[in-house]
Amino acid sequence: FNERGLFIEGTLKRSRNGKNYLMPDEGGTPIFIAERNSGRAMDGDRVRVMHSAKKVFSEPEGEVVEVLEHSDNTFVGILEVEKNYAFLITDSKKLANDIFIPKEKLHKAQSGQKVVVRIVEWPARSKNPIGEVIDVLGDPGHNDTEMNAIMAEFGLPYRYPEAVEKAAEPIPSNILPEMLEGREDFRDVPTFTIDPHDAKDFDDALSFRTLPNGRHEVGVHIADVTYYVKPGTIIDREAENRATSVYLVDRTVPMLPERLCNNICSLRPNEEKLCFSCIFELDENAQVKKYRIARTVICSDRRF
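Residues numbered from 1 in each chain as written. Predicted model: local features only at pLDDT ≥ 70, side-chain atom pairs only at ≥ 80, totals over all residues. Heavy atoms only, no water.

Caption draft 1: A look at the pairing of strand β6 (residues 74-81). Sheet topology note: the β6/strand β9 (residues 114-121) ladder contains 5 bridges and is antiparallel. By the bridge assignment, threonine 74 is partnered in β9 with arginine 118. Relative to strand β7 (residues 86-90), β6 runs antiparallel, the two being bridged by 5 bridges. Bridged to valine 81 within β7 is alanine 86. Between the end of β6 and the start of β7, which pair antiparallel, lie 4 residues. (Pairing = 2+ DSSP bridges. Helix = DSSP H or I, 4+ residues; strand = E, 2+ residues; numbered from the N terminus.)

Caption draft 2: Layout of the pattern of salt bridges. Applying the stated criterion across every chain yields a total of 21 salt bridges. For glutamate 162, the salt bridge identified is with lysine 166, shortest N-O distance 3.5 Å. Of the two residues, glutamate 162 and lysine 166 both sit in helix α2 (residues 162-168), 4 residues apart, roughly one turn of that helix. The partly exposed category is assigned to lysine 166, whose relative accessible area is 48%. Here glutamate 217 ties to arginine 209 by a salt bridge, and the two come within 2.7 Å at their closest N and O atoms. (Salt bridge = Lys/Arg side-chain N within 4 Å of Asp/Glu carboxyl O. Buried < 20%, exposed > 50% of the residue type's maximum accessible area, 1.4 Å probe, protein only.)

Caption draft 3: Expanded view of the side chain of asparagine 128. Considering the arrangement of structural elements, one finds asparagine 128 in the loop between β9 and β10 (130-138). For asparagine 128, the side chain forms a polar contact with the main-chain oxygen of aspartate 98, separated by 2.9 Å. Leave out the neighbours within four places in its chain, and asparagine 128 touches Phe87, Asn97, Asp98, Phe100 and Trp122. (Polar contact = N/O pair within 3.5 Å; in protein donor to acceptor, adjacent residues only side chain to side chain. Contact = heavy atoms within 4.5 Å.)

Caption draft 4: Expanded view of the sheet that holds strand β18 (residues 288-299). Taking strand neighbours across the sheet as the criterion, the 7 strands line up as β11-β18-β17-β14-β13-β12-β19 in an open arrangement whose pairing is mixed. With partners counted over all chains shown, the strands left at the sheet margins are β11 (184-186) and β19 (302-303), one partner each. Inspection of the sheet shows strand β12 (residues 191-193) paired to strand β13 (residues 204-210) by 2 bridges, in the antiparallel sense. If you follow threonine 191 over to β13, its bridge partner there is serine 207.

Caption draft 5: Summary view of helix α1 (residues 143-153). Taken together, the buried positions of α1 are Thr145, Met147, Asn148, Ala149, Met151 and Ala152. In this structure, the buried residues of α1 make contact with β6, β9, β10 and β16 (252-253). Backbone geometry just after α1 places glycine 155 at a positive phi near 75°.

Caption draft 6: Here's a closer look at the nonpolar core. Formed by 27 residues in total, the largest nonpolar core has its most connected members in Ile171, Tyr228, Ile235, Leu256, Leu260 and Leu267. Looking at this core, the elements that each hand over two or more residues are α2, α4 (234-242), α5 (258-264), β17 (272-282) and β18. With sequence-adjacent residues up to four places away left out, leucine 267 is seen in contact with Thr193, Phe202, Asp203, Asp204, Ala205, His221, Ile222, Ala223, Lys273, Cys275, Ile298 and Ser300. The next biggest cluster of nonpolar side chains, apart from the first, holds 15 residues, and it includes Ile101, Ala109, Val117 and Val133. (Core = buried A, V, L, I, M, F, W, Y, C linked by side-chain atoms within 4.5 Å.)

Caption draft 7: Structural view of the sheet that holds strand β4 (residues 46-51). Taking strand neighbours across the sheet as the criterion, the 5 strands line up as β3-β2-β1-β4-β5 in an open arrangement whose pairing is antiparallel. Either end of the sheet is taken by a strand with one partner, and the two such strands are β3 (31-34) and β5 (62-69). With strand direction ignored, the average angle separating the axes of adjacent strands in the sheet is 45°. Here strand β2 (residues 19-24) pairs with β3 via 4 bridges, running antiparallel. Along β3, the bridge assignment pairs lysine 19 with alanine 34. (Axes fitted to C-alpha atoms, helices over the stretch in contact; angles between N-to-C directions.)

Caption draft 8: A look at α4. For α4, the full list of buried residues reads Ile235, Glu238, Ala239 and Arg242. What you see down the axis of α4 is that its buried residues fit within an arc of 100°, all on one side. Structural note: α4 exposes Glu240 and Asn241 on the side pointing more than 90 degrees away from its buried face. The inward-facing, buried residues of α4 abut α2, β16 and α5. The first or second residue beyond α4 is alanine 243, which carries a positive phi of 75°. (Arc of directions from axis to C-beta.)

What follows is the structure in C-alpha cells.
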C-alpha cells in the first residue's frame, strides 16, 4: 500500500492508549489509525479508511473517513454525577474517552454505581461521546456487581429475559402418557449420572444391563431438549443467540431457561425423563457388536 488516496474497508480495533488499527476485510497488514484520525468510529465498527502514503521503515497508516456499520456500543464503568451533568468513567481498554450522559438519560442511576451505558451519538465537535444508562449493576466491589460487569463488558448475557422465562412456565414437568409414544422404555434399567458435586444440570446418564444372549447393553442417554424446544420459538431463538451455557467461577449463565436446564431437562435421580439415546450391545471383550439410536424414557437410580 503506497498509493495516496487508496480507500480500504475493514474493522476498527480501538485501544485506550490511542494506538488503533484497521483490520482489512481482505486480510493483510493492519493499518495504524492515530486517535486524531479515528473520527467517531468505535471498537468493532466497520469503517472505510483513506490510506496515507507509506513512509520508509514505518507501518501503514490511515484515516477513518466513514463508518459503514456500527458495532454494539455498550460500555461498563463507574457513574460520576455532578450538579448539571454526568460521566461514565469506563473500565474499557477500547475507549480513550469518558462518556457524557445527560441528566435525563440516567434513569435513576446514582453517582458511584457501576452501570452499563450505550453510546447514542458522538457529535462531530464533541470530544466525548454521548450515552444513556441502560442498566444498573450495583455498587462496586460487590461480587454480583463485578461478575455482571465482567459479563456485560464481554457481551455475555448476565440476565435471562423475563419473556423467555415466562414462555417456559407452561411446559409440563411430569411425563404424560402421550409423551411416551414411539419411545423405548428404560425406566426399569439400572441408570445413573456422574457429575461434579456442585452441578445443577445433569444432561447425560448411563444405563447398563446384561441381555438374555449374554452380551452387555450400555445406554448413553441425553436429555431430549428438542421435545420441549421447538424451532422458531422464543426459547429457541434465545438459545440460538446464546449458543452455549457459559461457566464462570461462581455461576453458570444458562443457554436455556432455568426451568428447562435445571429441572425438566436435568436427569435427576428418581424422576422420569425424556431422552435421546445411543444404545450399544457389547460382547465379553467390550467390543461393540451393534448399536441403535432411539428416543427413550429413563429414570435415573443414582447420582454419582
